[in-house]
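Next come the chains, spelled out residue by residue.
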Amino acid sequence: MSDRILVTRSSMPPLDEYVREIAPLWESHWLTNMGEKHQQLEEDLKRYLNVSNVALFVNGHTALECVLEAMQLGADGRRKVITTPFTFASTTHAIVRVGLEPVLADIDPVTYTLDPESVEALIDDETCAIVPVHVYGKLCDVDALADIAKRHNLALVYDAAHAFGVTRNGVSSASFGDAAMFSFHATKVFNSIEGGAVCFADPALGPLLDQWKNFGITSQEDVEYVGGNAKMNEFAAAMGICNLRHLPEEIAKRKKVTERYRERLRGHRGIVLCDEQPGVVSNYAYFPVVFEDDFGATRDDVFEELHVYGIYSRKYFHPLVSDFACYAGRFDSNATPVAKHVAKRVLTLPMYADLAMSDIDRICDVVLGCAR
Ligand SMILES: *Cc1c(COP(=O)(O)O)cnc(C)c1O
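All values derive from a computational prediction rather than experimental measurement.

*Asks:* Even after reading the chapter, I still don't get the site of the ligand, so can you show me in this structure?
*Replies:* Near the ligand, the surroundings consist of 16 residues, among which Gly60, His61, Asp159, Ser183 and Lys188 are the closest. With respect to the ligand, the backbone of His61 contributes an N or O atom lying 2.8 Å from an oxygen atom. Between the ligand and Tyr316 there is a distance of 3.3 Å, counted from an oxygen atom to a side-chain nitrogen or oxygen. Its free accessible area being 390 Å², the ligand has 93% of it covered by the protein chains. One can see that the ligand is located within the largest pocket. Every element with two or more residues in the shell around the ligand is listed here: α4 (60–70) and β8 (179–183). In the shell around the ligand, the residues fall into five nonpolar, nine polar and two charged.

Here you go:
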């Protein structure tokens, strides 16, 4: 069906630009293991994100696992990591898969990011880190979280998968905390097909990350860590190099899409939209709408009705991590009532740079038509 509207559409550079970018690989025959494209993308990202330290990875999830391991969290016996249930499966899974124990705090009702007060109430002698998640391109309360981490001697590692290129008062989202993980998955604002990165404050972490992502090999005859294989290949890096050149126009287009949605949906009873945060320049990664109980239809009703018209929205994030089958008996989603409220009512509408204004109008007509 030609007029189906999918929830997202991956950004791609012009084909000839990508072909030009990968052509040198047919000369060098160097396809992975920190080749020329890998090095160039790291340099390009340092410039774009305005940071000194970047390590590339095969994807964002593995990047998060590697940074938690390279920082040796848990080595002093403290194994608890405070994070949010309102996130993608990756965040908690990474914590569990490296042998740490997630503790789930509640979120703020306006930003949907970790509520600092809820975080602080859960800290005890066994807590070693906080892993907050920026959501939809909105930033966490980075000042309050930095203050808590400092006062309690905790590591602060951001899941910044939704916040690539976002700044606050001119400061890059990549420079908050001890480290920030980005995802360059095909569905993200900036993609390298699959890919990810860690930006970090302490330069000593650089060699460790490079070793962890390459089997823990530390020199030709030494393997000091039980690392995995998480290297980004040259074709992915080349895609990243090309997509990064076009990113400012892509984000400008996403901003226009967001403005049109806001114009059409703002002020309707029972519809809650995300506002701009003061001082924050967003990347407009997603367009979430929360359908409160006085809207006249439930989130699930709206999701189904859009589907009838061939419009694909996403219940994101739903269910909460605490309600995943794999964590049955481990968490209680009633302990995080704000997260539970939002997860039950939020829907992200189709969002990508080339979404036509006429399609946004169609989507909004169907959404508003659900209110009875
Ligand atoms: C996409 C995403 C990840 C995982 O990134 P991948 O590159 O797909 O491994 C982690 N956390 C959040 C919040 C994400 O949206």
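*Asks:* Can you walk me through empty space enclosed by the protein in this structure?
*Replies:* In this approach a probe as big as a water molecule rolls over the atoms, and the regions it shows empty are the leftover space. Per the stated rule, a full pass over the model turns up two cavities of 30 Å³ or more. Roughly 150 Å³ of volume is contained in the largest cavity. For the lining of the largest cavity, the secondary structure elements donating two or more residues are α9 (234–265) and β14 (287–291). By residue class, the composition of the lining of the largest cavity is seven nonpolar, four polar and four charged. Here the second largest cavity is characterised by a volume of approximately 60 Å³.

*Asks:* Can you help me understand the domain arrangement of the chain in this one?
*Replies:* Much of the literature gives interface size as the accessible area that the parts lose upon coming together. Looking at the chain, the domain boundaries give domain 1 (15–241) and domain 2 (247–371). The gap between the C-alpha centroids of domain 1 and domain 2 is 25 Å. Here domain 1 and domain 2 share an interface that buries about 3100 Å² over both sides, 65% of which is from carbon and sulfur atoms. Our enumeration of links across domain 1 and domain 2 arrives at zero salt bridges.

*Asks:* Sorry, what's going on with the pattern of salt bridges here?
*Replies:* A full pass over the atoms with the stated rule returns 25 salt bridges. Residues Arg9 and Asp354 are paired through a salt bridge, measuring 3.7 Å at the closest nitrogen-oxygen approach. In this pair, Arg9 sits in the segment before α1 (15–22) while Asp354 sits in the loop between β15 (346–349) and α12 (357–369), placing the two residues 345 residues apart along the sequence. The class of Asp354 is partly exposed, set by a relative accessible area of 44%. Note that Arg345 is salt-bridged to Glu292, the shortest N-O span being 3.9 Å. With Arg345 in helix α11 (residues 337–345) and Glu292 in the loop between β14 and α10 (299–308), this residue pair connects regions lying 53 residues apart in the sequence. Through salt bridges with shared partners, a single network forms among Glu17, Glu21, Lys37 and Arg245.

*Asks:* Even after reading the chapter, I still don't get the layout of surface pockets, so can you show me in this structure?
*Replies:* Of the volumes computed, that of the largest pocket is approximately 450 Å³. Around the largest pocket, the lining comprises 29 residues; the ones closest to its centre are Phe88, Ser183, His185, Thr187 and Lys188. Mapped by element, the contributors of at least two residues to the lining of the largest pocket are α4, α5 (89–97), β8 and β15. Residues belonging to the lining of the largest pocket are distributed by class as follows: 11 nonpolar, 13 polar and five charged. Both domains that furnish three or more residues to the lining of the largest pocket are identified here as domain 1 (15–241) and domain 2 (247–371). What lines the second largest pocket is a set of 14 residues, among which Ser10, Ser11, Met12, Glu250 and Asp354 lie closest to the centre. A breakdown of the residues in the lining of the second largest pocket according to their chemical character gives five nonpolar, four polar and five charged.

*Asks:* Is there a simple way to explain the pairing of strand β1 (residues 54–57) in this structure?
*Replies:* Moving residue by residue along a regular strand, the side chains alternate between the two faces of the sheet. Neither face of β1 is open: one carries Val54 and Leu56, the other Ala55 and Phe57, and all of them are buried. Here four bridges tie β1 to strand β9 (residues 196–200), and the two strands are oriented antiparallel to one another. Bridge pairing in β9 links Ala55 to Val198.

*Asks:* I'm lost on the packing of α4 against helix α8 (residues 205–212) in this one. Help?
*Replies:* Viewed as axis vectors pointing N to C, α4 and α8 meet at an angle of 125°, and their least axial separation amounts to 9 Å. The angle between the axes of α4 and α8 places the two elements in the oblique class. Along this stretch, α4 crosses α8, giving a crossing that reads as right-handed. On α8, the residues touching Cys66, Val67, Glu69 and Ala70 of α4 are Leu205, Leu208, Leu209 and Trp212.

*Asks:* When you look at the sheet that holds strand β13 (residues 280–281) in this model, what are you seeing that I'm missing?
*Replies:* The strands making up a sheet are joined through hydrogen bonds of the backbone, oriented either antiparallel or parallel. Taken together, three strands build an open sheet; the order of strands is β7-β6-β13 and the sheet is antiparallel. Strands with a single pairing partner mark the edges of an open sheet, and in this sheet they are β7 (171–172) and β13.

*Asks:* Looking at this structure, I do not really get the packing of α4 against α5. What am I missing?
*Replies:* Following both chains from N to C, one finds α4 and α5 inclined at 40°, their axes separated by 9 Å at the closest point. Considered as vectors, α4 and α5 are oriented oblique to each other. Crossing hand, α4 versus α5: right-handed. Here His61, Leu64, Glu65 and Leu68 of α4 come into contact with α5, specifically with Ser90, Thr91, His93, Ala94, Ile95 and Arg97. The class makeup of the residues in the contact of α4 with α5 is four nonpolar, four polar and two charged.

Analysis parameters
- Residues numbered from 1 in each chain as written.
- Predicted model: local features only at pLDDT ≥ 70, side-chain atom pairs only at ≥ 80, totals over all residues.
- Heavy atoms only, no water.
- Near = heavy atom within 4 Å.
- Polar contact = N/O pair within 3.5 Å; in protein donor to acceptor, adjacent residues only side chain to side chain.
- Areas by Shrake-Rupley, 256 points an atom, 1.4 Å probe, with all protein chains shown as cover.
- 1 Å grid on protein atoms, 1.4 Å probe; cavity = no way out; pocket = protein on both sides within 12 Å on 5 of 7 lines; lining within 4 Å.
- Sits in = over half its atoms within 2 Å of the grid points.
- Helix = DSSP H or I, 4+ residues; strand = E, 2+ residues; numbered from the N terminus.
- Nonpolar A, V, L, I, M, F, W, Y, C, P; charged D, E, K, R; others polar.
- Points joined across faces, edges and corners; volume = space filled by probe spheres on them.
- Domains from an automatic or database assignment.
- Buried area = accessible area lost by both parts, 1.4 Å probe.
- Salt bridge = Lys/Arg side-chain N within 4 Å of Asp/Glu carboxyl O.
- Buried < 20%, exposed > 50% of the residue type's maximum accessible area, 1.4 Å probe, protein only.
- Pairing = 2+ DSSP bridges.
- Axes fitted to C-alpha atoms, helices over the stretch in contact; angles between N-to-C directions.
- Parallel < 35°, antiparallel > 145°, perpendicular 65-115°, else oblique.
- Left-handed = near helix turned anticlockwise from the far one by under 90°.
- Contact = heavy atoms within 4.5 Å.

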